[in-house]
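Listed here are the chains, written in short residue letters.
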Amino acid sequence: MKWTPLVAALLLFPVCVMASVRDEIAAMEAAKPAPGRPMAPVSTRAVSAVPGSIMQLPDGRKVSMKDYGVVLFMQAHCPYSAKFDPTLKKWADAHGIHVWAYTLDGGGDVSFPTPMIPRRYTPDEPLADEILTFFGNGLPIATPTAFMVNVHTLKAYPLTQGVMDIPTLESRFATLIQADLDHADPQSLPPLPASSQVTPQ
């Protein structure tokens, strides 16, 4: 059988692809911090979205944005939700991030016209289950408030409370993903950025 350059190239292609994947995995493993070492500080410039809903973290690791989602608490009558929600939706849609929106006043807005309503599973519960789950750590109940959630483990991290611009949101998102990947102590996380643009409950 006579080997043409095209046939030879096609036979070598899987070997090249496997080597490339192996090199990428080795680079990602090398970038992981040693146990007990603090995470590298997150720089907004180091966070980048690449095609295929992948985010590159400041430490070089790449993660699928499909592994994370956002739980948003909003209100139809909150001027800050009206300001923040379109920004969040546009950013989430661009990166393939699913947003689960809950309304605290029963209504939706342009970005999330049919949000879910938190509900009590038993009449003796003081607050709806979703409120207790997300705000049970002492975070004030206010809108807009968003949490990053690992869709596999359902572990949630406070993302923002109040209006936040996209560079700050991406930086915070990357910090929380790193914390999730490294199983970091929540007490070691940077504090939630303060904002006066919230509607308290």
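Check the entry above for the structure.
Conventions and cut-offs
- Residues numbered from 1 in each chain as written.
- Predicted model: local features only at pLDDT ≥ 70, side-chain atom pairs only at ≥ 80, totals over all residues.
- Heavy atoms only, no water.
- Core = buried A, V, L, I, M, F, W, Y, C linked by side-chain atoms within 4.5 Å.
- Buried < 20%, exposed > 50% of the residue type's maximum accessible area, 1.4 Å probe, protein only.
- Helix = DSSP H or I, 4+ residues; strand = E, 2+ residues; numbered from the N terminus.
- Contact = heavy atoms within 4.5 Å.
- Pairing = 2+ DSSP bridges.
- Axes fitted to C-alpha atoms, helices over the stretch in contact; angles between N-to-C directions.
- Expected span 1.5 Å × (residues − 1).
- Bend = angle between axes of the 7 residues up to and from the residue.
- Phe/Tyr/Trp six-rings, centres within 6.5 Å; stacked < 30°, edge-to-face > 60°.

1. A word on the nonpolar core
Counting residues in hydrophobic clusters, the biggest one holds 29 residues, and the most contacted among them are Met55, Val70, Leu72, Leu88, Phe173 and Ile177. Of all the elements in the fold, those that place two or more residues in this core are strand 4 (68-74), helix 2 (79-95), strand 5 (98-103), strand 7 (145-150), strand 8 (156-161) and helix 4 (166-181). If you tally residues by element for this core, the top one is helix 4, at six residues. Excluding its chain neighbours within four sequence positions, the residues that come into contact with Leu88 are Val70, Leu72, Val99 and Leu169. Formed by ten residues, the second largest nonpolar core is a distinct cluster that contains Val71, Tyr102, Ile131 and Val149.

2. Focus: the sheet that holds strand 7
Sheet architecture is open: four strands sit in the order 5-4-7-8, paired in mixed fashion. Either end of the sheet is taken by a strand with one partner, and the two such strands are strand 5 and strand 8. Each strand of the sheet is rotated relative to its neighbour by a mean of 25 degrees, with strand direction disregarded. With five bridges connecting them, strand 7 and strand 8 associate as antiparallel partners.

3. Comments concerning the pairing of strand 4
With seven of seven residues buried, strand 4 lies mostly within the body of the structure. Burial along strand 4 is two-sided: Tyr68, Val70, Leu72 and Met74 facing one way and Gly69, Val71 and Phe73 facing the other are all buried. Sheet analysis places strand 4 next to strand 7, joined by six bridges and oriented antiparallel. Each residue of the ladder has a partner; that of Tyr68, found in strand 7, is Asn150.

4. Quick word on helix 2
Taking 1.5 Å as the rise per residue, helix 2 with 17 residues should run 24 Å; its terminal C-alpha atoms sit 25 Å apart, in good agreement. Asp85 marks the point of greatest bend in helix 2, at about 25 degrees, and the proline Pro86 comes within the next four residues. The complete set of buried residues in helix 2 reads Ser81, Phe84, Asp85, Leu88, Trp91, Ala92 and His95. Just downstream of helix 2, Gly96 is the residue with a positive phi angle, here 70 degrees.

5. Re the packing of aromatic side chains
Working definition: an aromatic ring pair is given by the centre-to-centre distance plus the angle between the planes. For the coordinates displayed, the defined rule picks out seven aromatic pairs. Ring geometry for Phe73 against Phe147: centres 6.1 Å apart, planes inclined by 90 degrees, an arrangement best described as edge-to-face. Separated by 74 residues along the polypeptide, Phe73 in strand 4 and Phe147 in strand 7 bring together distant segments of the chain. For Phe147, a relative accessible area of 2% gives the class buried. Geometrically, the ring pair formed by Phe134 and Phe147 is tilted, given 5.0 Å between the ring centres and 45 degrees between the ring planes. Of the two residues, Phe134 sits in helix 3 (residues 129-135) while Phe147 sits in strand 7, which places them 13 residues apart along the sequence. Here the two residues Phe134 and Phe147 agree in accessibility, since each one is buried.

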